[in-house]
Amino acid sequence: MSKKVQFASKIGVIAATAGSAVGLGNVWRFPAEVQSNGGAAFLIVYIGCVLLLGIPVMLSEFALGRAGHSDAVGAFVNLKSGKGWRGVGALAVLTSYLILCFYMVVAGWTLEYFIESLTGDLYTGAVQGGGAMRQQFAGKMDDYIVDSVNPLVYTFLMIVMNLSVLLLGVQKGIERISNIAMPLLFVILLAFVAFSLTLSGAPQGLAYFLNPDFSKIDAGVVVNALGQAFFSLSLGMGILITYSAYYPKSTNLLRTSLTVSLLDMLVAIMVGLIIFPAVTTFGLQGEGLRGATLVFVTLPEVFAQMPLTQLWSVLFFLLLLVATLTSTISISEVAVLFIIDRFNVRRRNACLIVMMPLFLLSSACSLSMGAWDGFKILGMNLFDFLDSLTSNLMLPVGSILLCIYMGWFAPKGLFMSQLSNGGTLRSSLYKPVCFIVKYLAPMLIAAVLISSFL
Ligand code: PHE
């Protein structure tokens, strides 16, 4: 890789990395996990997972990426690791590409809802109150997702949008869009939090979100919290290995990982502060907060009952669009850098090689929920199959192998020297981090992996 490709500023490093971390995971999965796993009790376990395991694993990816200074496979090559370890890099590239195939479809829905909010079509003919309205939005979502044309068109638009940013390169594309997107995201979030806290159901909603019900905590909840932490921090996908190849030598890895994790948790908590008061106020707390239902049915119902319906709806889907775009870009870049470095291809061509097949692959994922839903793999449609294969199996396996590599097989002293920038930085946390990566993280992730199959 050309030595010159680097993020230009410290802010850029944080914005791009946090941009990858903050995504649908925070908005789409987090509230549902909180709701079904004991409110704040889940939050506490989740924060514990981020601090104890998420940050150390993130640091191993950073150290590997910056020292290896290449794509997820090339990093192992440059560090002169055995051939088998390249397979770990290859697994990360494959995992991220599979995730990209279906994540792009969700990105397409987000764009569709953003545009439907702008034009007002989402709310035309919205009947007020109760089950009828719910049915109406649920019906709309079904139409949007199951349809054989619309979702494909919007997914294609998202692919083109990603491609345009990627073609502009690391500094002018990825870094610049992140520098704009992240502040924008926080401003919109703050506006939502401020408004949500004035709603009449705010005290009750907050009480639900912030009162821990420890009786709900069991092994299953810990498994969920860990899975959520890893997905939300973009671990095990090769993304952080790829991005840290663009980190300057002076970047303080520990501080970066702390900042990114805190920002990611902050966004998740702010989303909680928005969602729980809002659904309580409008009596929707009993309804699904899970994934697509929350975002595409329950929240439009909330907006429809609020003053300035269209404004809030546009702002929300803009927020989601921005968060999704910076995530899809980061995950696409894993494959782009892989093609550039492994096959010596120019960036422009690499971007095309990576993004073009998505027109077909993402279409297949989208159609698998409608016209093609007769085609099942292990009883799941293609979309759900890819989702569960990557989240439940490939991501944890990749993370375990990465920890084993960093803890046991990487060149001696590499991890420490990356953490301390060649001995120029000091922190009492370096030793515990190394210990966690060596022993605790692989064992705990393995336990989670095994228990999820029991
Ligand atoms: N951290 C991302 C999220 O929360 C996970 C992700 C990143 C998924 C990139 C896909 C692509 O949504």
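Preceding this section is the structure that the text describes.
All of the points below concern the structure found in this document. Quick caveat: nothing in here was measured; it's all calculated off a predicted structure. (Residues numbered from 1 in each chain as written. Predicted model: local features only at pLDDT ≥ 70, side-chain atom pairs only at ≥ 80, totals over all residues. Heavy atoms only, no water.)

The relative placement of two packed helices is expressed as an angle between their axes plus a distance between the axes. At a minimum axis distance of 9 Å, the contact between helix H12 (residues 253-281) and helix H13 (residues 291-305) shows a crossing angle of 55°. Comparing the axis directions of H12 and H13 gives the class oblique. As H12 runs across H13, the sense of the crossing is left-handed. Together, Ile275, Ala278 and Val279 of H12 and Leu294, Thr298, Leu299 and Val302 of H13 make up the contact between the two elements. In the contact of H12 with H13, the residues fall into six nonpolar, one polar and no charged. (Axes fitted to C-alpha atoms, helices over the stretch in contact; angles between N-to-C directions. Helix = DSSP H or I, 4+ residues; strand = E, 2+ residues; numbered from the N terminus. Parallel < 35°, antiparallel > 145°, perpendicular 65-115°, else oblique. Left-handed = near helix turned anticlockwise from the far one by under 90°. Contact = heavy atoms within 4.5 Å. Nonpolar A, V, L, I, M, F, W, Y, C, P; charged D, E, K, R; others polar.)

Counting 168 residues, the largest nonpolar core has Leu185, Phe316 and Phe317 as the members making the most contacts within it. The biggest single contributor to this core is helix H14 (residues 309-343), with 19 residues. With residues up to four places along the chain from it excluded, the contact list for Phe316 reads Val27, Phe192, Val295, Leu299 and Phe303. (Core = buried A, V, L, I, M, F, W, Y, C linked by side-chain atoms within 4.5 Å. Buried < 20%, exposed > 50% of the residue type's maximum accessible area, 1.4 Å probe, protein only.)

The subject of this paragraph is the environment of Gly236. Along the chain, Gly236 turns up in the loop between helix H10 (219-232) and helix H11 (239-244). For the pair Gly236 and Ala350, spaced 114 residues apart in the sequence, the C-alpha separation amounts to 22 Å. Beyond its immediate chain neighbours, meaning those up to four positions away, Gly236 contacts Glu61, Ala92, Leu395 and Ser399.

Quick look at a nonpolar patch on the surface now. On the surface, Trp408, Phe409, Phe435, Tyr439 and Met443 cluster together into a nonpolar patch covering about 590 Å² of accessible area. Elements with a minimum of two residues in the nonpolar patch: helix H16 (382-409) and helix H18 (430-453). Within the secondary structure, Phe409 sits in helix H16. For Phe409, a relative accessible area of 51% gives the class exposed. (Patch = residues over 30% accessible without salt bridge, like charges linked within 9 Å, V, L, I, M, F, W, Y side chains within 5 Å. Areas by Shrake-Rupley, 256 points an atom, 1.4 Å probe, with all protein chains shown as cover. Salt bridge = Lys/Arg side-chain N within 4 Å of Asp/Glu carboxyl O.)

A few words now on helix H15 (residues 347-367). Taking 1.5 Å per residue as the helical rise, H15 with its 21 residues ought to reach 30 Å, and the 31 Å between its terminal C-alpha atoms agrees with that figure. The sharpest bend along H15 reaches about 35° and sits at Phe359. Within H15, burial applies to Arg347, Ala350, Cys351, Val354, Met355, Leu358, Ser362, Ser363, Ala364, Cys365, Ser366 and Leu367. (Expected span 1.5 Å × (residues − 1). Bend = angle between axes of the 7 residues up to and from the residue.)

A rise of 1.5 Å per residue sets the reference length of H14, with its 35 residues, at 51 Å; its end C-alpha atoms lie 50 Å apart and thus fit the reference within 8%. The largest bend along H14 reaches roughly 25° and is located at Glu333. In terms of residue burial, H14 counts as a mostly covered element, since 29 of its 35 residues are buried. After H14 finishes, the residue Asn344 shows a positive phi value of roughly 55°.

Turning our eyes to something else, we now look at unusual backbone geometry. Phi is positive for His69, close to 50°, though the residue is something other than glycine. Structurally, His69 can be placed in the loop between helix H3 (40-68) and helix H4 (74-78). Accessibility expressed as a relative area gives 16% for His69, which makes it buried. Phi is positive for Asn421, close to 50°, though the residue is something other than glycine. Mapped onto the fold, Asn421 is located in the loop between helix H17 (414-419) and H18.

Below, the discussion takes up the site of the ligand. The full set close to the ligand counts 16 residues, and Ala21, Gly25, Tyr103, Phe231 and Ser232 are the nearest of them. Here Ser20 contributes a backbone N or O atom positioned 3.3 Å from a nitrogen atom of the ligand. One of the backbone N or O atoms of Ala21 is found 2.8 Å from a nitrogen atom in the ligand. Against a free-state accessible area of 310 Å², the protein chains account for coverage of 100% of the ligand. (Near = heavy atom within 4 Å. Polar contact = N/O pair within 3.5 Å; in protein donor to acceptor, adjacent residues only side chain to side chain.)

Okay, the packing of aromatic side chains next. A complete count under the given rule lists 32 aromatic pairs for this structure. For the pair Phe76 and Tyr405, a centre-to-centre distance of 4.8 Å together with 75° between the ring planes defines the contact as edge-to-face. One end of the pair, Phe76, is in helix H4; the other, Tyr405, is in helix H16, with 329 residues separating them in the sequence. Note on accessibility: Phe76 and Tyr405 belong to one class, buried. Seen from the ring of Phe231, Arg29 lies directly overhead, with NZ or CZ sitting 4.5 Å from the centre. A cation over a ring is seen here: Lys438 above Trp408, with NZ or CZ 4.7 Å from the ring centre. (Phe/Tyr/Trp six-rings, centres within 6.5 Å; stacked < 30°, edge-to-face > 60°. Lys NZ or Arg CZ within 6 Å of the ring centre and 35° of its normal.)

Attention now goes to the pattern of salt bridges. The full count for this structure, using the stated rule, is three salt bridges. The salt bridge involving Asp71 is made with Arg342; its shortest N-O contact spans 3.1 Å. With Asp71 in the loop between H3 and H4 and Arg342 in helix H14, the pair connects residues that are 271 residues apart, well separated along the chain. When the shortest N-O distance is used, the salt bridge between Arg347 and Glu333 registers 2.8 Å. Here Glu333 lies in helix H14 and Arg347 lies in helix H15, a separation of 14 residues in the sequence. Taken as a pair, Arg347 and Glu333 share a single burial class, namely buried.

With that settled, consider the packing of helix H7 (residues 150-168) against H15. In the contact formed by H7 and H15, the axes pass within 10 Å of each other and the chain directions differ by 165°. Overall, the two elements H7 and H15 adopt an arrangement that is roughly antiparallel. Judged by the twist between their axes, the crossing of H7 over H15 is right-handed. Between H7 and H15, the residues in contact are Pro151, Leu152, Thr155, Phe156, Ile159, Val160, Asn162, Leu163, Leu166 and Leu167 and Arg347, Arg348, Cys351, Leu352, Met355, Met356, Leu358, Phe359, Ser362, Ser363, Ser366 and Leu367, respectively. Tallied by class, the residues present in the contact of H7 with H15 amount to 15 nonpolar, five polar and two charged.

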